[in-house]
Amino acid sequence: MEHLGSRRLETDRLILRAFTPEDAGPMFRNWASDPEVAKFLTWPAHESEEVTGKVVASWVEKNDDPAYYQWAIVWKETMEPIGSISAVSWNQDICEVEIGYCIGRPWWHRGVMTECLSEAVRFFFREVGVNRILARHDVNNPHSGMVMKKCGLRHEGTMRQAGRNNQGICDLCVYGILRSDYEEEREG
């Protein structure tokens, strides 16, 4: 693997880029303050822009780390961040990355997260050189699993009471894709 950090990526409708301090306001407005967005996440909805500012500042501090991947999902129409996607964990031994994401409600069910995750999958396989990508979701949030499936990840199983989020202890659906699967799908 060759770590490249949160380098700028682009799709038809989106720009994925490192967070800047100026992103705190749009992040708070567009998703971080919404309890529905945070419902299945591990962090609570932010109560103030100040809270969001502190979170963003902690991310910005790590922007120069090549092994750190935390992108703002920027909607090209407005050039404002509408969500985030990140590498939430690494397993260097097996060249695996786990991806997590969230997006504001106005962009749900519009294919935006699928477009974003597809680009992150491409980046991690083709540019970083990972062998395996993992993603998980609460069983009560099946829309997240649909995004994973559309991006080529396969359901590998359900781990009972294996996570905790804002709903409490939860069962987690685990999805994964290998680089060989990804390459095979692109060739076929």
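Scoring rules and cut-offs
Residues numbered from 1 in each chain as written. Predicted model: local features only at pLDDT ≥ 70, side-chain atom pairs only at ≥ 80, totals over all residues. Heavy atoms only, no water. Salt bridge = Lys/Arg side-chain N within 4 Å of Asp/Glu carboxyl O. Helix = DSSP H or I, 4+ residues; strand = E, 2+ residues; numbered from the N terminus. Core = buried A, V, L, I, M, F, W, Y, C linked by side-chain atoms within 4.5 Å. Buried < 20%, exposed > 50% of the residue type's maximum accessible area, 1.4 Å probe, protein only. Contact = heavy atoms within 4.5 Å. Expected span 1.5 Å × (residues − 1). Arc of directions from axis to C-beta. Phe/Tyr/Trp six-rings, centres within 6.5 Å; stacked < 30°, edge-to-face > 60°. Pairing = 2+ DSSP bridges.

Colleague: I tried to follow the pattern of salt bridges on my own but got confused; where do I start?
Modeller: For side chains of opposite charge, pairing can occur when their charged atoms come near one another. Going through the model one piece at a time under the given rule, you end up with 16 salt bridges. Residue E115 is joined to R13 by a salt bridge in which the shortest nitrogen-to-oxygen separation is 2.7 Å. Of this pair, E115 sits in helix α4 (residues 112-128) while R13 sits in the loop between β1 (9-10) and β2 (14-18), and the two are 102 residues apart along the sequence. Linked through salt bridges whose partners overlap, the residues forming this network are R7, E119, R122 and E127.

Colleague: For this particular structure, what's the right way to read the nonpolar core?
Modeller: A general trend in soluble globular proteins is that nonpolar side chains are found buried together. With 36 residues, the main nonpolar core has I85, L117, F124 and I133 as its most contacted residues. Listing elements by their share of this core, those giving two or more residues are β2, β3 (70-75), β4 (80-91), β5 (96-103), α4, β6 (132-138), α5 (142-150) and β8 (168-178). Ranked by the residues each element gives to this core, the list is headed by α4, at ten residues. The residues contacting I133, other than those within four sequence positions of it, are V97, I99, V121, F124, F125, L153, Y175, G176 and I177. If you look at the next biggest cluster of nonpolar residues, it comprises 15 residues, including A24, M27, W31 and W59.

Colleague: Whenever I open this one, helix α3 (residues 49-60) confuses me. Can you help?
Modeller: The end-to-end C-alpha distance of α3 is 16 Å, a good match for the 16 Å that twelve residues give at a rise of 1.5 Å each. Considered for burial, the residues of α3 that qualify are T52, V56 and W59. When α3 is viewed along its axis, its buried side chains cluster within an angular range of 55° and face the same direction. Residues E50 and K54 are exposed on α3 and point more than 90 degrees away from its buried face.

Colleague: What should I look at first to understand the packing of aromatic side chains in this one?
Modeller: To describe a pair of aromatic rings, one takes the distance between the centres and the angle between the planes. Under the defined criterion, the tally for this structure stands at ten aromatic pairs. Measuring from centroid to centroid gives 4.7 Å for F19 and W59, while their planes differ by 55°, and the two rings are tilted. Residue F19 is located in the loop between β2 and α1 (24-32), and its partner W59 is located in helix α3; the two are separated by 40 residues in the primary sequence. For F19, a relative accessible area of 2% puts it in the buried group. Here W59 falls in the buried class, since its relative accessible area comes to 15%. Relative to F123, the ring of Y69 lies with its centre 6.0 Å away and its plane at 65°, an arrangement referred to as edge-to-face. You can see Y69 sitting in the loop between α3 and β3 and its partner F123 sitting in helix α4, a full 54 residues away along the chain. The class of Y69 is buried, set by a relative accessible area of 1%. The class of F123 is buried, set by a relative accessible area of 0%.

Colleague: Can you help me understand the pairing of β3 in this one?
Modeller: Looking down a regular strand, the side chains alternate between one sheet face and the other. For β3, a buried count of six out of six residues is recorded, marking the element as mostly surrounded by other parts of the structure. With burial as the criterion, each face of β3 is covered, one bearing Q70, A72 and V74 and the other bearing W71, I73 and W75. Across five bridges, β2 lies against β3 in antiparallel orientation. Each residue of the ladder has a partner; that of A18, found in β3, is W71. Between the end of β3 and the start of β4, which pair antiparallel, lie four residues, with M79 showing a positive phi angle near 60°.

Colleague: Would you mind showing me how to read α5 here?
Modeller: In an α-helix, one turn spans 3.6 residues; hence positions three or four apart end up facing the same way. Turning to α5, its buried residues are S144, G145, V147 and M148. When α5 is viewed along its axis, its buried side chains cluster within an angular range of 155° and face the same direction. For α5, the exposed residues lying more than 90 degrees away from the buried face are K149 and K150. The elements touched by buried residues of α5 are β5, α4, β6 and β8. After α5 finishes, the residue G152 shows a positive phi value of roughly 95°.

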